[in-house]
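These are the residues of each chain, in order.
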Number of protein chains: 2
Amino acid sequence: MPTIARGSPEPVNSDRFDAEYDVITVGGGAAGLASALFSRWHGNSVVLLEKADELGGTTKKAAFWYWVPNNKAMQAAGMEDRKEDCIRYMARLSRPESYAPDDARFGLSDWEYAVCEAIYDNASPATELLSEKGALEYRHCEAVPDYWAEIPEDKCPTGRVLVPKGARDTMSDGGAVAVRTMSEACARDGVEIRTGHRVQRLVRNDQGRVTGVEVDTAANGPLRLKARKAVIFGSGGFTHDTDLRRNFLAQPVLGGCAAVTNEGDFVRIGAAAGAELRNMNYPWMCPIVLEKALNGDPGLIGTFSPSGDSMIYVDRTGRRVTNEKLAYNESAQAFFKWDPTKAEYPNLVLIAVWDQRSQEHSAGDEYGRFIVPPGCDDAHVIKGETLEALAEGIRARFAKYATAIGNLKVAEDFAATLKATIERFNTFAKAGRDEDFQRGERQVELLFNGPACADPAGPNPTMYPISNSGPYYAALLTGGNLDTKGGPMANPDGRILDRAGNVIPGLYGVGNCVASASARAYWAGGATLGPYLALAYCAANAANREPAN
Amino acid sequence: MPTIARGSPEPVNSDRFDAEYDVITVGGGAAGLASALFSRWHGNSVVLLEKADELGGTTKKAAFWYWVPNNKAMQAAGMEDRKEDCIRYMARLSRPESYAPDDARFGLSDWEYAVCEAIYDNASPATELLSEKGALEYRHCEAVPDYWAEIPEDKCPTGRVLVPKGARDTMSDGGAVAVRTMSEACARDGVEIRTGHRVQRLVRNDQGRVTGVEVDTAANGPLRLKARKAVIFGSGGFTHDTDLRRNFLAQPVLGGCAAVTNEGDFVRIGAAAGAELRNMNYPWMCPIVLEKALNGDPGLIGTFSPSGDSMIYVDRTGRRVTNEKLAYNESAQAFFKWDPTKAEYPNLVLIAVWDQRSQEHSAGDEYGRFIVPPGCDDAHVIKGETLEALAEGIRARFAKYATAIGNLKVAEDFAATLKATIERFNTFAKAGRDEDFQRGERQVELLFNGPACADPAGPNPTMYPISNSGPYYAALLTGGNLDTKGGPMANPDGRILDRAGNVIPGLYGVGNCVASASARAYWAGGATLGPYLALAYCAANAANREPAN
C-alpha cells in the first residue's frame with residue numbers, strides 16, 4: 001500500500017476547488033460508509049474519501065456485532081428495553097465513580113447523557129433503514145449477553161446484539177460482510193468512492209464555515225474538494241500514533257488491532273480547527289499478542305476469545321494474576337498493574353500457557369485466538385516438551401523484546417513456580433471453582449470461551465486440569481487497544497464543538513475519530529458499531545439540513 | 001476573593017494596547033515569579049499577572065523542597081552526580097515501560113530527553129542566581145533521599161534537595177518563605193505585580209507572533225497588554241477543572257491540593273493558539289482527605305505525611321490493601337484499582353484508622369497529616385469508643401458522600417474484619433516486618449513517617465500494635481492531585497511548540513501549566529519546583545534574546 005505522508009493539519013481559507021459535492025465523508029469503515037449512505041439517501045451528492053487503497057478500515061477486521069438497544073427483533077420477541085433502564089446501565093458503567101442512581105443524568109455530564117440518549121433513540125431506526133435499503137441486513141443474536149449482564153442495572157441482559165445477516169455461524173466475518181454489502185450499496189446508489197485519498201486539513205470560507213478538505217492522493221497529487229453542506233469524519237482513532245498514545249492514554253499500551261491507518265488524523269485536524277477534545281484517556285481495550293503488536297502486524301486481531309480450558313495466564317514469576325476469561329476490555333486492565341515499590345509494570349507481559357489438549361480442541365483462527373490450528377501463522381507460539389524447556393523458550397523471547405517491555409525478566413524459578421501454579425489451578429478445575437479469580441462465573445466468559453472439548457465438560461467448562469506431561473505451549477500477551485475513544489467532541493447530531501461549546505459550522509464526526517461518551521465502559525459486544533450507526537444516522541440527518549454554501 | 005469568569009481562549013489580532021512591557025509573565029507561584037525575576041535581571045521591563053488577589057498559587061501551600069541535580073552544595077560535599085547517571089534515573093522512572101538502558105536516550109522521546117537534560121544543566125545555575133540575588137537563598141537537605149533511592153539507577157540517592165533558607169526546621173513552610181522572598185525581590189528589582197488580573201487569551205500580530213495578552217481584571221475591566229519580547233506562562237495545571245480531569249487524567253481523581261485557581265487556563269489558551277499538548281494523562285499525585293476535596297476546601301494539603309505508627313489504611317471491607325507509608329505519588333495509585341468483575345473502584349475511598357497512641361504522638365498540622373492536634377480543623381475525623389462504634393461512624397460518612405464515591409458501601413461485617421486485620425497488623429508490628437505490604441522498608445517511608453513515639457521505637461519505627469481498647473479514630477482518604485502535568489509542549493527553552501513542531505513566536509511556558517517531561521515519574525521531593533526554576537531560567541534567557549516587536 002502506498003503511504004501518503006502526513007501534512008500540516010492547519011485549516012486553510014479558500015474558495016477554489018477541484019471538485020464539489022453536497023457531503024464529503026472521510027473513512028472507509030462503518031462510520032464513514034454509514035454516514036455516506038445515510039447522506040446519499042437524502043438525495044445529496046456524496047463522496048467517501050479513504051486513505052488506504054481499499055475500504056474497510058478497522059471494521060473489516062471486526063466481527064461486526066452491533067449493539068442496538070430496543071431493536072425491532074427484541075420488540076418482536078416481547079423483550080422490553082426501556083430507555084431509562086438502558087441509559088442507567090450505560091451510565092453505571094461509563095462513570096462508575098460518579099454514578100448517581102437518583103440523579104436525572106445518573107452522574108453523567110450533560111453531553112454524555114445527551115449522546116447516550118441519541119444512541120438509544122436512533123440505533124434501531126438507523127439499523128432498520130440500513131436493512132430496508134439492503135445495505136446491511138441483520139440477524140438477531142438473541143442469546144448474546146451484555147458484557148455486564150449480571151449487574152442489577154442491566155434490565156435487559158440479552159437481546160441487544162445484531163450481526164450482519166450473511167455472516168458465518170460463528171459471526172467472526174461480520175465486518176467483511178458489512179463492508180461488502182455497504183460498499184455495494186454505495187456503488188448501487190451513487191456514492192463516489194475515492195481510495196488512496198488522505199485528508200490533510202480542512203478548508204474554510206471567510207465566515208469560518210468548513211467548506212471542504214485538502215487531500216493528498218496516492219496517484220494524482222493534491223486536491224481541494226468542496227462540501228456544499230458538510231464534511232463528516234468517520235475515520236479511525238490514534239492507536240498507531242505513538243506520541244498520542246504515550247501522552248494521552250491512561251495505560252502504556254504497546255499497540256492494538258485497529259487498522260494501521262488509524263493514526264489520529266482527526267485529533268489533529270479537528271484540534272487545528274478549534275475542536276474541544278474529550279475522553280482522550282480511555283481506549284477500547286483488549287489483550288493482544290505481544291509480538292504481533294511490536295512487529296506492527298496489520299493482521300493483528302485482539303484476543304477476544306482466550307480459548308482453551310487447560311490454559312492459564314501467568315506472570316513472569318509463574319503465578320496467575322487474573323481471570324483469563326474476563327471480557328477483553330476488562331482482561332486488558334490486568335496488564336497495567338503498577339508496582340509502587342519497584343517502579344515497574346510487573347504484568348506488562350503475561351504468558352498464556354496451555355497443553356496438548358487445549359492445542360487440539362481449542363485452536364481456532366477467529367476472534368484473535370492465540371491457540372491456532374496447523375497452517376496458521378504460529379510465530380508467536382513457544383513450544384516445549386517439558387515445563388523447563390518451555391520456560392527457557394519464554395525466557396529467550398522476553399530477552400529478545402527486553403527494551404520494548406520495560407526490561408521485564410523471567411524469574412529464575414519460573415518453571416518450579418509454574419508447576420505449583422498448575423497444581424493449584426488443576427484443583428480448581430476439578431472442583432469447577434476458581435477460588436482465586438472466579439474464572440467462568442460470568443456469562444460473557446462462556447460466550448468467548450471458544451471451542452472446547454466436550455468430554456468431559458465438567459462443572460465449569462472454562463477449566464480443565466493441565467496435563468502433567470508435555471508438550472506445552474505458550475504465547476506472550478500484553479494489553480492493547482481495539483482503538484482509542486478520544487477525539488473532538490461531537491454533539492448528538494455529530495456536529496463538532498469548539499472550545500467555547502459552539503458548533504464548528506459544516507464539520508461533523510462519528511466513530512473512533514471523535515470522543516466516545518462511553519468514557520471507561522465497554523457496555524457489550526457491538527458497543528462500538530451499534531452506537532456509531534446511530535450517530536452516523538443523526539449526523540447525516542443534521543448535515544442534510546445544512547444550507548448549501 | 002472576587003472571581004473573574006473565564007472568557008473565550010481564542011487569540012485575537014491587534015496592535016493597540018493599554019500598556020506595554022518587554023516581558024509579561026503569568027502566574028504568581030514559583031514558575032511565574034522566577035520567570036519574572038530572571039527576565040528582569042536581564043534588564044527587561046516585566047509585569048507579572050496573577051488571577052487571584054494575592055501571589056503564591058500552589059507554591060504558597062508547598063514545603064518548597066527543590067530538587068537540584070549536581071547542586072553546588074553536593075559538589076562542595078564531594079558528592080558526584082554525573083549527568084548521564086541523573087538522566088538515566090529520570091528516564092527509568094518516567095517511562096518505565098520503555099526504559100532502554102543501552103539507548104542513547106534511555107527510551108525517552110527526543111523531547112523528553114532534551115528537557116531532562118535542560119533540567120540537569122540549568123537547575124544549579126538557576127538556583128545559584130536566585131540565591132546570589134537574595135531572591136531565594138537555600139540550605140542543603142543533604143540527608144533527604146530521592147523517592148526511589150533504592151533502585152540501582154539512583155547513583156546519588158541523597159543530596160539533590162534544597163529548601164528555602166528561612167524555612168522552619170521541619171521545612172513545611174518553605175513555600176510561604178519562597179513566595180515572600182521572591183516577591184520582595186520583585187518589588188526591590190522593579191517587577192510590576194498585578195493581582196486580580198485573569199489572562200483570557202493571547203494577542204497576535206499579523207505575522208502570527210504573540211505580542212501580548214487580553215486580561216480581565218477584578219477592579220478595572222478588560223485590558224490589553226503588550227509584550228515586546230515574550231509572554232511567559234507560569235500558571236497552574238487543571239486540577240480544578242472537572243471536564244479536563246475526567247477526560248484526560250488516567251485516574252478518576254476527585255480533586256487535589258493545587259491552588260483553587262488552577263483551572264487549566266493555559267491548556268485552553270495554548271491549544272487555541274495552536275499548541276501541541278503533551279503528558280495530559282499523568283498528574284502529580286497524592287492521597288487527599290476525601291471530604292476536604294469534595295467540599296472544595298482551599299486549604300487542602302495533600303497527605304504527604306501519613307503519620308502514626310499504630311495506624312493503618314483499610315478498605316470498606318476492613319482489610320488492608322496497601323503500604324500506608326509509600327511515597328505519596330505511589331500511595332495514591334492504590335485508590336484506583338479497578339475490579340473487573342464488579343465494575344467498580346473498590347478502593348476509591350480508603351479509611352485511615354488509628355488509636356489513642358497515634359493521636360497523642362503523631363498529630364501534626366504540617367504535610368497534610370490527617371491526625372491533627374487539638375485546635376485544628378478535625379471535621380474529617382471520625383471517632384468511636386469501640387471499633388463497632390467507629391464502624392458506624394464510618395458507615396454514616398460513606399452514606400453521606402455516596403453519589404460522589406460511586407456508591408461504595410461499608411461492608412456489614414466491617415468491624416469484625418477490621419478487628420482481624422488489626423490482629424494481623426499487630427503481629428507484623430511486633431516483629432517489625434510487614435509481610436503483606438513491606439511497610440517501612442524504603443528510605444522515603446521513614447522520611448514522611450512524621451512525629452512518632454520514641455518509646456519503644458521497635459525494630460520498624462513505622463509500625464506499632466494498635467491498641468485493643470478505644471478510643472479509635474478514622475479519616476476517609478482518596479487519591480488526588482498535587483496538580484496536573486499536562487499542557488502545551490514547551491521545548492527546553494520554554495518556547496511553546498505548535499502541532500507541526502514549530503515554535504509559536506513570542507509564547508513561552510514553564511511549570512504545571514505546560515507538559516512535564518517526567519511522564520509518570522515523581523523522581524524526588526522537589527521534582528516539581530527544582531526543574532521549574534531551571535526551566536524558568538532557560539525560558540527567561542531565551543525570551544531575552546527575542547527581537548523586540
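Residues numbered from 1 in each chain as written. Chains lettered and ligands numbered in written order. Predicted model: local features only at pLDDT ≥ 70, side-chain atom pairs only at ≥ 80, totals over all residues. Heavy atoms only, no water.

In the nomenclature of an unreviewed UniProt entry, chain A corresponds to FAD-dependent oxidoreductase from the organism Marinibaculum pumilum. Regarding chain A, the UniProt comment filed under Cofactor (unreviewed entry) reads as follows: "FAD". (UniProt positions renumbered as here; feature names shortened; annotations may be inferred.)

**Student:** Would you mind going over the overall build of chain A with me for this structure?
**Tutor:** When you go through chain A residue by residue, the secondary structure sums to 14 helices and 19 strands. Here the C-alpha atoms of chain A give a radius of gyration of 24 Å, agreeing with the 24 Å that 2.2 N^0.38 yields for 549 residues. The principal-axis extent of the C-alpha atoms belonging to chain A is close to 75 × 50 × 45 Å. Counting the 549 residues in chain A, one finds 67% classified as buried. Across chain A, contacts joining residues at least 24 apart in sequence account for 75% of those joining residues at least 6 apart. (Helix = DSSP H or I, 4+ residues; strand = E, 2+ residues; numbered from the N terminus. Rg over C-alpha atoms; globule rule 2.2 N^0.38 Å. Buried < 20%, exposed > 50% of the residue type's maximum accessible area, 1.4 Å probe, protein only. Contact = heavy atoms within 4.5 Å.)

**Student:** What's the story with the domain arrangement of chain A in this structure? I'm lost.
**Tutor:** Interfaces are often sized by the amount of accessible area the parts lose when they come together. All names here are of chain A. By the assigned domains, chain A splits into domain 1 (12-58 + 194-284 + 483-516) and domain 2 (286-481). Placing a centre on the C-alpha atoms of domain 1 and another on those of domain 2 gives a separation of 37 Å. Each partner contributes to the interface: domain 1 provides 16 residues, whereas domain 2 provides 22 residues. A combined buried area of about 1,200 Å² lies between domain 1 and domain 2, and 61% of that area is made up of carbon and sulfur atoms. Its largest share of buried area at the contact with domain 2, domain 1 owes to Pro 252, Leu 254 and Cys 257, together 48% of the area lost on that side. On inspection of domain 1 and its partner domain 2, the count reaches 0 salt bridges. Linking domain 1 with domain 2 are 4 residue pairs in polar contact (both at pLDDT 80 or more), by the criterion used here. Its residues placed into classes, the side of domain 1 that touches domain 2 shows 9 nonpolar, 5 polar and 2 charged. (Domains from an automatic or database assignment. Buried area = accessible area lost by both parts, 1.4 Å probe. Salt bridge = Lys/Arg side-chain N within 4 Å of Asp/Glu carboxyl O. Polar contact = N/O pair within 3.5 Å; in protein donor to acceptor, adjacent residues only side chain to side chain. Nonpolar A, V, L, I, M, F, W, Y, C, P; charged D, E, K, R; others polar.)

**Student:** What's the story with the sheet that holds strand β4 (residues 66-67) of chain B in this structure? I'm lost.
**Tutor:** Where strands meet in a sheet, backbone hydrogen bonds hold them as pairs that are either parallel or antiparallel. All names here are of chain B. Read across the open sheet, the 3 strands follow the order β4-β6-β5; overall the sheet is antiparallel. Single-partner strands in this sheet number two, and they are β4 and β5 (138-140). Where β5 and strand β6 (residues 161-164) come together, 3 bridges link them in antiparallel fashion. Among the inter-strand pairings, Arg 139 is bridged to a residue of β6, identified as Val 163. (Pairing = 2+ DSSP bridges.)

**Student:** Help me understand unusual backbone geometry in this model?
**Tutor:** Peptide bonds are, in most cases, trans, and in most cases residues other than glycine have a negative phi. Residues and elements named next belong to chain A. The omega torsion of the bond from Gly 470 to Pro 471 falls at 5°, within 30 degrees of zero and hence cis. Backbone geometry places Asn 70, a non-glycine residue, at a positive phi of 50°. Within the secondary structure layout, Asn 70 lies in the loop between β4 (66-67) and α2 (72-76). Classification of Asn 70 by relative accessible area gives partly exposed; the value is 22%.

**Student:** For this particular structure, what's the right way to read the interface of chain B and chain A?
**Tutor:** At the junction of the two partners, chain B supplies 52 residues and chain A supplies 52 residues. Note on chain B versus chain A: buried area summed over both sides is about 4,500 Å², and carbon and sulfur give 48% of it. Where chain B packs against chain A, one counts 6 salt bridges. Linking chain B with chain A are 30 residue pairs in polar contact (both at pLDDT 80 or more). Element by element, the count of residues in the side of chain B that touches chain A is highest for helix α6 (residues 242-248) of chain B, at 5 residues. Looking at the side of chain B that touches chain A residue by residue, the class counts come to 25 nonpolar, 11 polar and 16 charged.

**Student:** Can you walk me through the relation of the copies chain B and chain A in this structure?
**Tutor:** For these two chain copies, the linking operation is a rotation about an axis paired with a shift along it. Mapping chain B onto chain A is achieved by rotating through 180° and translating by 0.0 Å along the same axis, at an RMSD of 0.0 Å. The symmetry that links the two subunits is that of a two-fold axis. Residue B:Ala250, judged by its C-alpha, is the member of chain B lying nearest the rotation axis, at 2.0 Å. In this assembly, 100% of the residues forming the interface of chain B have copies in chain A that are likewise at the interface, indicating an isologous arrangement. (Least-squares fit on C-alpha atoms with pLDDT ≥ 70 in both.)

**Student:** Got a minute to help me understand the pattern of salt bridges in this structure?
**Tutor:** Pairs can form between side chains of opposite charge once their charged atoms are near each other. Applying the stated criterion across every chain, the model contains 100 salt bridges over all chains. Its salt-bridge partner being B:Lys60, residue B:Glu54 comes within 3.4 Å of it at the nearest N-O pair. Looking at B:Lys60, the relative accessible area reads 37%, which means it is partly exposed. Each of A:Lys51, A:Arg198, A:Glu263 and A:Asp265 takes part in one network of salt bridges that share partners.

**Student:** Can you help me understand the packing of aromatic side chains in this one?
**Tutor:** Ring pairs (aromatic) are described by centroid distance and by the angle formed between their planes. Within this structure, the stated rule accounts for 42 aromatic pairs over all chains. Geometrically, the ring pair formed by A:Phe38 and A:Trp41 is edge-to-face, given 5.9 Å between the ring centres and 85° between the ring planes. Separated by 3 residues within a single helix, A:Phe38 and A:Trp41 lie in helix α1 (residues 30-41), roughly one turn from each other. Since its relative accessible area comes to 2%, A:Phe38 is described here as buried. Members of the aromatic cluster, joined through ring pairs, are A:Trp65, A:Tyr147, A:Trp284, A:Phe304, A:Tyr328, A:Tyr367, A:Phe448 and A:Tyr522. Sitting over the ring of A:Tyr113, A:Arg105 keeps its end group 4.5 Å from the ring centre. Over the aromatic face of B:Tyr464 sits the side chain of B:Arg357, whose NZ or CZ is 3.3 Å from the ring centroid. (Phe/Tyr/Trp six-rings, centres within 6.5 Å; stacked < 30°, edge-to-face > 60°. Lys NZ or Arg CZ within 6 Å of the ring centre and 35° of its normal.)

**Student:** Whenever I open this one, helix α5 (residues 174-189) of chain A confuses me. Can you help?
**Tutor:** Since the α-helix turns once every 3.6 residues, residues separated by three or four places project in the same direction. All names here are of chain A. The end-to-end C-alpha distance of α5 is 22 Å, a good match for the 22 Å that 16 residues give at a rise of 1.5 Å each. Where α5 is concerned, the buried positions are Gly 174, Gly 175, Val 177, Ala 178, Val 179, Thr 181, Met 182, Ser 183, Ala 185 and Cys 186. Tucked inside the fold, the buried residues of α5 contact α1, α4 (110-132), β6 (161-164), β7 (192-194) and α14 (529-544). Remark: Gly 190 follows α5 within two positions and exhibits a positive phi of approximately 90°. (Expected span 1.5 Å × (residues − 1).)

**Student:** When you look at the state of the cysteines in this model, what are you seeing that I'm missing?
**Tutor:** What makes a disulfide is a covalent bond joining the sulfur atoms belonging to two cysteines. Tallied over the full model, the rule gives 0 disulfides over all chains. No disulfide involves A:Cys156; its sulfur sits 8.0 Å from that of A:Cys86, the nearest cysteine. Judged by relative accessible area, which is 5%, A:Cys156 ranks as buried. B:Cys538 supplies the cysteine sulfur nearest to B:Cys513, a cysteine that is in no disulfide, at a spacing of 15 Å. (Disulfide = S-S within 2.5 Å.)

**Student:** Whenever I open this one, the environment of A:Val289 confuses me. Can you help?
**Tutor:** Residue and element names in this part refer to chain A. With respect to the helices and strands, the residue Val 289 is situated in strand β12 (residues 284-289). A relative accessible area of 3% means that Val 289 is categorised as buried. Considered as a pair, Val 289 and Gly 302 are 13 residues apart in the sequence and their alpha carbons are 7.6 Å apart.

**Student:** Would you explain the pairing of strand β16 (residues 472-483) of chain B in this entry?
**Tutor:** Regular strands have side chains that alternate between both faces of the sheet. Residue and element names in this part refer to chain B. Counting buried residues along β16, 12 of its 12 residues qualify, which places the element largely inside the surrounding structure. Where strand β12 (residues 284-289) lies against β16, 6 bridges are found, and the strand directions are antiparallel. Opposite Val 289, over in β16, you have Leu 477 as the bridge partner. Strand direction decides the pairing type here: strand β14 (residues 350-355) and β16, joined by 6 bridges, are antiparallel. When the bridges of β16 are listed, Val 353 appears paired with Ala 474. The sheet contact formed by strand β15 (residues 382-384) and β16 spans 3 bridges and is antiparallel. Opposite Lys 383, over in β16, you have Tyr 473 as the bridge partner.

**Student:** How should helix α12 (residues 414-431) of chain B be read in this particular structure?
**Tutor:** Its 18 residues give α12(B) an end-to-end C-alpha distance of 26 Å, which sits within 8% of 26 Å, the value for a rise of 1.5 Å per residue. Just past α12(B), the residue B:Gly432 takes up positive phi, approximately 75°.

**Student:** Would you explain the pairing of strand β9 (residues 210-217) of chain A in this entry?
**Tutor:** Residues and elements named next belong to chain A. Burial runs high along β9: 7 of the 8 residues are buried. Sheet topology places strand β8 (residues 197-204) next to β9; 7 bridges connect them, and they run antiparallel. The partner of Arg 204 across the bridge, within β9, is Val 210. In sequence, β8 turns back onto β9 through a hairpin of 5 residues, with Gly 208 there showing a positive phi of about 85°. Pairing analysis gives 6 bridges linking β9 to strand β10 (residues 221-233), with the strands arranged antiparallel. Paired with Glu 214 across the strands is Arg 224, a residue of β10. In textbook terms, the turn of a hairpin is the stretch between consecutive antiparallel strands, and for β9 and β10 this stretch comprises 3 residues.

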